[in-house]
Amino acid sequence: MFICKNDVVQVIAGDDKGARGKVLRVIRAEGKLVVEGVNRVYRHLKPSRRNPQGGRLSKEMPVDASNVMLIDPVQGVPTRVGVRSLPDGSKELFAKKSGTRLRVLKKAKVAKN
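Residues numbered from 1 in each chain as written. Predicted model: local features only at pLDDT ≥ 70, side-chain atom pairs only at ≥ 80, totals over all residues. Heavy atoms only, no water.

Caption draft 1: How the structure looks around the packing of aromatic side chains. The tally for this structure, following the rule as stated, stands at zero aromatic pairs. Above the plane of the ring of Phe94 lies Arg84, whose end atom (NZ or CZ) is 4.3 Å from the centre. (Phe/Tyr/Trp six-rings, centres within 6.5 Å; stacked < 30°, edge-to-face > 60°. Lys NZ or Arg CZ within 6 Å of the ring centre and 35° of its normal.)

Caption draft 2: Examining the pairing of strand E2 (residues 20-27) more closely. With three bridges connecting them, strand E1 (residues 8-11) and E2 associate as antiparallel partners. By the bridge assignment, Gln10 is partnered in E2 with Arg20. Bridge count between E2 and strand E3 (residues 32-35): four bridges; the pairing is antiparallel. Paired with Ile27 across the bridge in E3 is Lys32. Hairpin connection from E2 to E3: four residues lie between these consecutive antiparallel strands, with Gly31 at a positive phi of about 70 degrees. (Pairing = 2+ DSSP bridges. Helix = DSSP H or I, 4+ residues; strand = E, 2+ residues; numbered from the N terminus.)

Caption draft 3: Structural detail: the pattern of salt bridges. Across all of its chains, the model carries four salt bridges by this definition. Between Arg103 and Asp7 there is a salt bridge, with the nearest N and O atoms lying 2.4 Å from each other. One end of the pair, Arg103, is in strand E11 (residues 101-106); the other, Asp7, is in the segment before E1, with 96 residues separating them in the sequence. Across the pair, exposure class does not vary: Arg103 and Asp7 are buried alike. The closest approach of N and O atoms between Glu60 and Arg40, which form a salt bridge, is 2.5 Å. With Glu60 in strand E5 (residues 55-60) and Arg40 in strand E4 (residues 40-45), this pair connects stretches of sequence that are 20 residues apart. For Arg40, a relative accessible area of 43% corresponds to the partly exposed category. Among the charged side chains, a salt-bridge network with shared partners connects Arg84, Glu92 and Arg101. (Salt bridge = Lys/Arg side-chain N within 4 Å of Asp/Glu carboxyl O. Buried < 20%, exposed > 50% of the residue type's maximum accessible area, 1.4 Å probe, protein only.)

Caption draft 4: Looking closely at a nonpolar patch on the surface. Taken together, the side chains of Phe2, Val83 and Leu105 present a nonpolar region at the surface, about 240 Å² in accessible area. The topology assignment puts Leu105 in strand E11. (Patch = residues over 30% accessible without salt bridge, like charges linked within 9 Å, V, L, I, M, F, W, Y side chains within 5 Å. Areas by Shrake-Rupley, 256 points an atom, 1.4 Å probe, with all protein chains shown as cover.)

Caption draft 5: Here's a closer look at the UniProt feature "domain: KOW" (unreviewed entry) in the protein. Per the UniProt record, "domain: KOW" (unreviewed entry) is annotated on residues 2-29. Across residues 2-29 one finds 0% helix and 43% strand; the C-alpha atoms that close the span lie 14 Å apart. (UniProt positions renumbered as here; feature names shortened; annotations may be inferred.)

In C-alpha cells form, the structure reads like this:
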C-alpha cells in the first residue's frame, strides 16, 4: 500500500463514492485507512462526567485501501500509481496519468570512502 498519512484520496467504491478527503490514519495490518469526512457513523454516548450532556458523536470509521485512489497533483483526478527506479539508484512513486513524482520511496545510496 503506497498511501500515507496526509495524502489526498478519492473514494471509488461504496456509499461515499466520489468523496475526497485527507488520510487521517493508516492501519497497515488491516489494509484500511481513515479518511476525513468519509464513512461517518454516530457513536451514542451516555451522560458522564466527561460528557455531561451525552448525545451523538459523529466519527470516521476505516475504509478498505482498495476502495480509494490517490489524486494526481497535476490533473486533479484519481490515478493509479507506479514505482520507477532512477539512474542514481533511488526509487520514486509516480502518478500513471501524468507521470508526476508523488514521493521518493528509497534514496540513492551514497558511497562512503
